[in-house]
Amino acid sequence: MAQAVSYEVTDGIAVLQMRNPPVNALGAALRRDLAEALARAVQDREVGAIVLSGAGKGFCAGADIAEFEAPFADPWVPELCDLVENAPKPVIAAIHGFALGGGLELALACHYRLAGAEARVGFPEVNLGLLPGAGGTQRAPRLIGAGAALDLMITGQPVPVTSALVRPAFDMILKEGLNAGARLFARKVIDKGMRPRRTRDQGAGFRDPAGDRKALQTWRARLAGKAEKAPGDILRCVEAAALLPFEVGQEFERAAFDDLLGGDQSRALRHIWRAERAAPRFGELARAPPRPVAQLGIVGGGSRGAGLAAAGLIAGHEVVLVERDAPSLTAALARVARVLDRAVRRGRLTQVQRDGIEAVLHGKTDLVALSEADLVIETAGHDARARAAIFAQLDAVVRDGAVLVSGAAYGDVEALAAQTGCAQDVLALHVPLPTLTAPLAEIGVGRHTGAAAVATLHGFVTGLGKRAVWARAGGGLIGSRLMAACIHAADGLVLSGVAPERIDRDMRGWGMGFGPYQMADMLGLARMGDHLEALPGATGVNPHRVLAEAGRAGRRNRVGWYRYDAGAPRGVPDPDAVALLGVGADGAGDPGDIPGRLLAAMANEGARLLEAGIARSGGDIDVVMTGGFGMARWRGGPICAADAAGLLALRNRLRGLAEAEGGFWTPAPLLDRLIREGGRLGDVEASAG
Ligand code: CAA
């Protein structure tokens, strides 16, 4: 079996190089081989100093996240770090590319550290709901101080090795020639008889106790009331570093790490980490290469169309934006300009880039202008008939091989494809608002869509910096279906007298970025009404339709479920909205467990999407809900939350609701199967894509 660590001795210097592609994650084999190579170098009489480096694109990306679901094999990363630190010969870390998490902890356990000037280091564990559990919370403050350690560990953001935060931890930063530099450094160490310099015995980082206390206070205030557990635990461990002997602090850290590792929050964040990496892997990508997209066509310059046009420009595409007449076009181009200006203000675009960018934006009022487009996204049709008409016209003007995309989350892609002679090139796309900054895009694949069109749209959205998620088109893509289910479940409460703002507040408290009624106002109540009418099983009064017909459009005309008066951009509760429904406006209905009810509806809808092959996996659903609909990542999404609470409990709750309120709540048969088999929704993989 190939060794995960190479061993080479020249001129009294042993070079131990980690070789575990692609990122030198500290998996069991690498840990074992590193411990063996270290022991060999220690025993080798010829060796006076040891250099530890990494092959490939970086030094080490930390613990192997794939191993977190089972007990760790020995030596686990903390033990490995102790072995390195306690080695009787000097160990020098030579860091290129990146040293992250356990990889940085390993470097901090070395006696000396060198880095290439391009390298970045950080503690991203907090993104997994964890803390640096291999001595990092104890060693880092001893070298760089509590304030810098907290900044790195609580934000989870890697920084350049040249940054003032981490520079004190390095003996030397080399612009080039890291390997040769490390050997020279090792030679100097041998020649000068320099001894191992254990980080646990260092105290340079403690020289500003007042500064450390201030940093701790500042972070404590910032974290007050936050639901995430890991940042608070990091704070306590870093605080302990200055108060406790190293070994005691290490035990404190270990106990906190184990506690986080076994907790729901870290489990949810690990689920999201895996799911986000799996989501963009579409089966179609192996079957056809993407076609190049030089020119992007956008039909319709409303907020979605303008956002997509701006995103396309920023990503380097030539954009043709078509509106129905000159005044609409002027308004659409002004909208694009506003999105671009905002991008400059937020640092996504420099002013210099902004100045030149509109030279490749062409505003037109005739679809004929799209004859050279490689990809056309339609965002103009307000209903199925209007969309079909646009697709029929597009078919007549675009060139062979152009990919035609419906920008509607709901919509019948087969019906649109039937308007064209190129069904293999027709598909759907849904980008959550705000379009430019939304981190993901759902790609709705029709039954006749070909792999090349899917690969082309995938390549396009990836180029916009968005994560692509696969969905089967027809009857609503993933996020819209789950939100509709959530809102329908909430409507049942509103119609029984529970105030919408109470529901929104409880859902935000649970971990949603926006409450369902805030979301409905953003989307527009007429469209929300459409979504609910398309939701399978949703019957009875459609309160969004009632409000829309009473002139309450949502945020667009400043009155929907909330009123958006001047000075109240976030909206104020409006009892007149509920009064239109003929229910008590005092919010006196019995709310029960609001998040439990709404999440049950979402998880059940998710199970239905999995059964129908509309979503490929439970992970994809959670990626959409956390990335596109503001659900807290540490909740892991509705599928992960259902698994954490137990599928049996979910099914029983659904059965009770179905008895009381009817068919929408009928448990998806998939739940019965998973309960019988002891399975989890989050592990379901449909064979689509
Ligand atoms: N464990 C397992 N796999 C990892 C990994 C890790 N720590 N880091 C990256 N990978 C995998 C990725 O999943 C990906 O796999 P696929 O090709 O199968 O999708 C592959 O390595 C390449 O990763 P990227 O596509 O992300 O490559 P990149 O060049 O864009 O970025 C990186 C490289 C900066 C290292 C980035 O992958 C990253 O930030 N990784 C996460 C690192 C991390 O969170 N480390 C902390 C681990 S927890 C810990 O260490 C606990 C402790 O205290 C002991």
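Within each chain, residues carry numbers counting from 1 in the order of the written sequence. For a predicted model such as this one, the threshold for reporting local features is a pLDDT of at least 70, and the threshold for listing and counting side-chain atom pairs is 80 or more; totals across whole chains, interfaces and linings nevertheless cover every residue. No hydrogens and no water enter the side-chain calculation; it runs on all heavy atoms of the structure.

1. A few points about the site of the ligand
Nearness of a residue to a molecule or strand requires only that one of the residue's heavy atoms be within 4 Å of it. Surrounding the ligand, one finds 23 residues, the nearest of these being K57, A61, G102, E105 and R281. Residues adjacent in sequence count toward polar contacts only when both atoms are side-chain atoms; beyond that, a polar contact is any pair of N or O atoms within 3.5 Å, and within protein one must be able to donate a hydrogen and the other to accept it. Within the contact set of the ligand, a nitrogen atom lies 2.8 Å away from a backbone nitrogen or oxygen of A61. Residue I65 places a main-chain N or O atom 2.9 Å away from a nitrogen atom belonging to the ligand. Surface accessibility follows the Shrake-Rupley procedure with a 1.4 Å probe radius. Residue values consider only the protein chains on display as shielding. Across the complex, the protein chains shield 70% of the 980 Å² of accessible surface that the ligand would expose by itself.

2. Brief notes about the packing of helix α18 (residues 500-510) against helix α19 (residues 516-523)
Any two packed helices are characterised by how steeply their axes cross, that is the angle between the axes, and by the distance between the axes. At their nearest, the axes of α18 and α19 sit 7 Å apart, and the two run at 105° to each other. As far as their axial angle goes, α19 and α18 are roughly perpendicular. The segment α18 lies against α19, with P500, I503, D504, M507 and R508 engaging P516, Y517 and Q518. Tallied by class, residues from the contact of α18 with α19 come to five nonpolar, one polar and two charged. In this analysis an axis means a line fitted to C-alpha atoms, helices contributing only their contacting stretch, and an angle means the value between N-to-C directions, from 0 to 180 degrees. In DSSP terms, a helix is any run of H or I states spanning at least four residues, a strand is any run of E spanning at least two, and both are numbered starting from the N terminus. To sort the angles, those under 35 degrees are grouped as roughly parallel, those over 145 as roughly antiparallel, those from 65 to 115 as roughly perpendicular, and the leftovers as oblique. When checking whether two residues touch, look at their non-hydrogen atoms; a contact exists if any pair is within 4.5 Å. When residues are sorted by character, Ala, Val, Leu, Ile, Met, Phe, Trp, Tyr, Cys and Pro go into the nonpolar class, Asp, Glu, Lys and Arg into the charged class, and all the rest, Gly among them, into the polar class.

3. Quick word on the nonpolar core
Grouping buried Ala, Val, Leu, Ile, Met, Phe, Trp, Tyr and Cys residues that are joined through side-chain atoms within 4.5 Å yields what is termed a nonpolar core. Buried means the residue's accessible area, taken with a 1.4 Å probe over protein chains only, is under 20% of the maximum for its type, while exposed means over 50%, and partly exposed covers the values in between. I503, W561 and L681 are the most contacted members of the largest nonpolar core, which has 96 residues in total. Residue contributions to this core peak at eleven residues, all from helix α17 (residues 478-495). Bear in mind that the domain bounds are from an automatic or database domain assignment. Counting contributing residues, this core receives three or more from each of domain 2 (283-476) and domain 3 (477-689). Counting residues in each nonpolar core, the second largest holds 73 residues, with I65, V84, L106 and V126 among its members.

4. Some thoughts on the sheet that holds strand β14 (residues 403-406)
Strand order in the open sheet formed by eight strands is β12-β11-β10-β13-β14-β15-β16-β17, and the pairing between neighbours is mixed. Whereas interior strands pair on both sides, the edge strands pair on one side only; in this sheet they are β12 (361-364) and β17 (467-472). Going from strand to strand, the sheet's axes swing by 25° on average, the running direction of each strand aside. As paired strands, strand β11 (residues 318-322) and β12 are joined by four bridges and run parallel to one another. Bridged to V320 within β12 is H362. Its contacts with the sheet place helix α11 (residues 303-314) against β10 (295-299), β11, β12, β13 (375-378) and β15 (426-430), and it is angled at close to 170° to β10. Against the sheet, α17 engages β15, β16 (440-445) and β17, with an angle of about 70° to β17. A pair of strands counts as paired when DSSP detects no fewer than two bridges linking them.

5. Details of the domain arrangement of the protein
Once the domains are mapped, the protein shows domain 1 (5-262), domain 2 (283-476) and domain 3 (477-689). Put simply, the middle of domain 2 and the middle of domain 3, counted by C-alpha atoms, are 28 Å apart. Listed per partner, the contact involves 23 residues of domain 2 and 21 residues of domain 3. Defined here as a combined quantity, buried area equals the accessible surface (1.4 Å probe) lost by two parts on assembly, summed across both. In total, domain 2 and domain 3 occlude about 1,800 Å² of area from one another, counting both sides; carbon and sulfur atoms represent 61% of this. Looking at the side of domain 2 facing domain 3, the largest losses of area belong to Y410, E442 and W470, adding up to 35% of the total buried there. Between Lys or Arg on one side and Asp or Glu on the other, a salt bridge is scored when a side-chain nitrogen of the former is within 4 Å of a carboxyl oxygen of the latter. Where domain 2 meets domain 3, there are zero salt bridges. Our count for the domain 2 to domain 3 interface comes out at three residue pairs in polar contact (both at pLDDT 80 or more).

6. Considerations on the sheet that holds strand β7 (residues 120-122)
Taken in spatial order, the three strands of this open sheet run β5-β7-β8, and their pairing is mixed. Every interior strand has two partners, whereas the edge strands, β5 (98-100) and β8 (159-160), have only one. With three bridges joining them, β5 and β7 adopt parallel strand pairing. Residue pairing across strands places F98 opposite R120, the latter belonging to β7. Sitting on the sheet, helix α3 (residues 102-109) is in contact with β5 and β7, with an inclination near 95° to β5.

7. Re helix α2 (residues 77-85)
Taken as a whole, α2 has its buried residues at V77, P78, L80, C81, V84 and E85. Each buried residue of α2 lies within a common arc of 160° when the element is viewed along its axis, so the set occupies one face. On its buried side, α2 packs onto α1 (28-43), β4 (91-95), α3, α4 (136-144) and α9 (246-261). Arc definition: directions from the helix axis to the C-beta atoms.

8. Brief notes about the pattern of salt bridges
Using the criterion set out here, one finds 42 salt bridges in the structure. A salt bridge links R324 to D325, with the nearest nitrogen and oxygen atoms 3.9 Å apart. By relative accessible area, which is 68% here, R324 ends up exposed. Residue class for D325 comes out partly exposed when judged on its relative accessible area of 30%. Across the pair R502 and D506 runs a salt bridge, and its minimum N-O distance is 3.4 Å. Of this pair, R502 and D506 both sit in helix α18, four residues apart, which is roughly one turn of that helix.

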